[in-house]
Amino acid sequence: WVAEYFPSDFATSDEALYLLAHFTHFIESNPKSAPYATLLLCGIGQHVAPQDEILKGPGKKNKIPKPHLPKVSATMKLVNFNPTEVARQLALVEKSIFDRISPGEYAHQGWTRPDKLDRAPNIVAMIERFNRICNWTASEILREPNLKERAVILHRLIIIAEESRA
């Protein structure tokens, strides 16, 4: 399903992709459908992550990093995902937004004006993305009732943040 319909239904619409993510989160909450949520996320990741992106560095051969795919399990929790892969996927989405920002959008702090969507739509999208990530991290921590598990989740988020800096 993802292979056939993703390019036409979700690839060009951030809102549709956002709704798909919420749907995936919803089916993940049901133990019977949770493994399908993982498969759905992996399928989406193949379309969201550019296949032809090449990493280059001084004196290094061109290579595409090996993905760290999660194992299919009954529950899909943040602690089950490789922090490096989470950081990569977040960076890929944010890079696509950043690449759309034109130099003119920075002029006169257009993102602070009432007509910000006309003056700096991509900077506004980047700010909204940042706010969504902040809300996601808070909800990941707070939805866990067990204090020790919250500490584990917080530690995992710190590792993801460190991987994002690398």
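Conventions used here
- Residues numbered from 1 in each chain as written.
- Predicted model: local features only at pLDDT ≥ 70, side-chain atom pairs only at ≥ 80, totals over all residues.
- Heavy atoms only, no water.
- Helix = DSSP H or I, 4+ residues; strand = E, 2+ residues; numbered from the N terminus.
- Expected span 1.5 Å × (residues − 1).
- Polar contact = N/O pair within 3.5 Å; in protein donor to acceptor, adjacent residues only side chain to side chain.
- Salt bridge = Lys/Arg side-chain N within 4 Å of Asp/Glu carboxyl O.
- Buried < 20%, exposed > 50% of the residue type's maximum accessible area, 1.4 Å probe, protein only.
- Arc of directions from axis to C-beta.
- Contact = heavy atoms within 4.5 Å.

Concerning helix 4 (residues 83-99)
Piece 1. Look at helix 4: 24 Å from first C-alpha to last across 17 residues, which is about the 24 Å you get at 1.5 Å a residue.
Piece 2. Put simply, asparagine 82 is the residue that caps the front of helix 4, since its side-chain oxygen is 2.8 Å from the backbone nitrogen of threonine 84.

Description of the pattern of salt bridges
Piece 1. Here the structure, examined in full by the defined rule, presents five salt bridges.
Piece 2. Linking arginine 129 and glutamate 94 is a salt bridge whose minimum nitrogen-to-oxygen distance equals 3.7 Å. In this pair, arginine 129 is assigned in helix 6 (residues 121-142) and glutamate 94 in helix 4, connecting sequence segments 35 residues apart.

Let's talk about helix 7 (residues 147-165)
Since one α-helical turn is 3.6 residues long, residues separated by three or four positions face the same way.
Piece 1. Spanning 19 residues, helix 7 covers 27 Å between terminal C-alpha atoms, matching the ideal 27 Å at 1.5 Å per step.
Piece 2. Among all positions in helix 7, only Ile153, Leu157 and Ile160 are buried. Seen end-on, helix 7 carries its buried residues on one side only, within an arc spanning 55°. Counted as exposed and oriented over 90 degrees from the buried face of helix 7: Leu147, Lys148, Glu162 and Arg165.
Piece 3. Contact partners of the buried residues in helix 7: helix 4 and helix 6.

Function-wise, these values are silent; they only describe arrangement.
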